[in-house]
Amino acid sequence: YQFGQTVSIPFFDEKWRPDSFYPKIAYNAIGKMHTLCLLDIKVKEPDFQAMMRGQTKFMPPRFMTVNTCIAQLLEVEERIGEGHCAPDV
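Residues numbered from 1 in each chain as written. Predicted model: local features only at pLDDT ≥ 70, side-chain atom pairs only at ≥ 80, totals over all residues. Heavy atoms only, no water.

Now for the packing of aromatic side chains. Summed over the entire model, instances satisfying the criterion amount to zero aromatic pairs. Above the ring of Phe11, the side-chain terminus of Arg62 is found at 4.1 Å from the ring centroid. (Phe/Tyr/Trp six-rings, centres within 6.5 Å; stacked < 30°, edge-to-face > 60°. Lys NZ or Arg CZ within 6 Å of the ring centre and 35° of its normal.)

Below you can see the structure in the form of structure tokens.
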């Protein structure tokens, strides 16, 4: 196997939906290389509602699933449209 550049896939939220990983995936695909995708984790994320009450609390840990990652990759593919993350690839 030949691996290209590794990418990190972050959790999307309502306002932040980055696609900065896409060019690396495209570069690897053009070079016929595999891409190692590191899926986001959220641990010790502060609970802002509790902070406003003067409490220190953290949200439960979240680990990105493969299904979430694929949904986000397809969303970015739909937006950019170069075909490197299309369902038939």
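Let's shift gears to the environment of Tyr27. Its location among the elements puts Tyr27 in helix H1 (residues 22-30). A C-alpha to C-alpha distance of 9.1 Å links Tyr27 and His84, two positions 57 residues apart in sequence. Among residues more than four places away in sequence, those in contact with Tyr27 are Gln5 and Met33. (Helix = DSSP H or I, 4+ residues; strand = E, 2+ residues; numbered from the N terminus. Contact = heavy atoms within 4.5 Å.)

Looking now at the pattern of salt bridges. Following the criterion strictly, the structure yields four salt bridges and no others. Across the pair Asp19 and Arg79 runs a salt bridge whose closest N-O atoms are separated by 3.7 Å. You can see Asp19 sitting in the loop between strand S1 (7-9) and H1 and its partner Arg79 sitting in helix H3 (residues 66-80), a full 60 residues away along the chain. Take Asp19: its relative accessible area is 29%, and that puts it in the partly exposed class. Across the pair Arg79 and Glu75 runs a salt bridge, and its minimum N-O distance is 3.7 Å. Placement of the pair is Arg79 and Glu75 together in helix H3, with a separation of four residues, close to one helical turn. A relative accessible area of 41% means that Arg79 is categorised as partly exposed. Residue Glu75 is classed as partly exposed on the basis of its relative accessible area, which comes to 25%. (Salt bridge = Lys/Arg side-chain N within 4 Å of Asp/Glu carboxyl O. Buried < 20%, exposed > 50% of the residue type's maximum accessible area, 1.4 Å probe, protein only.)

Shape descriptors only; they carry no functional weight alone.
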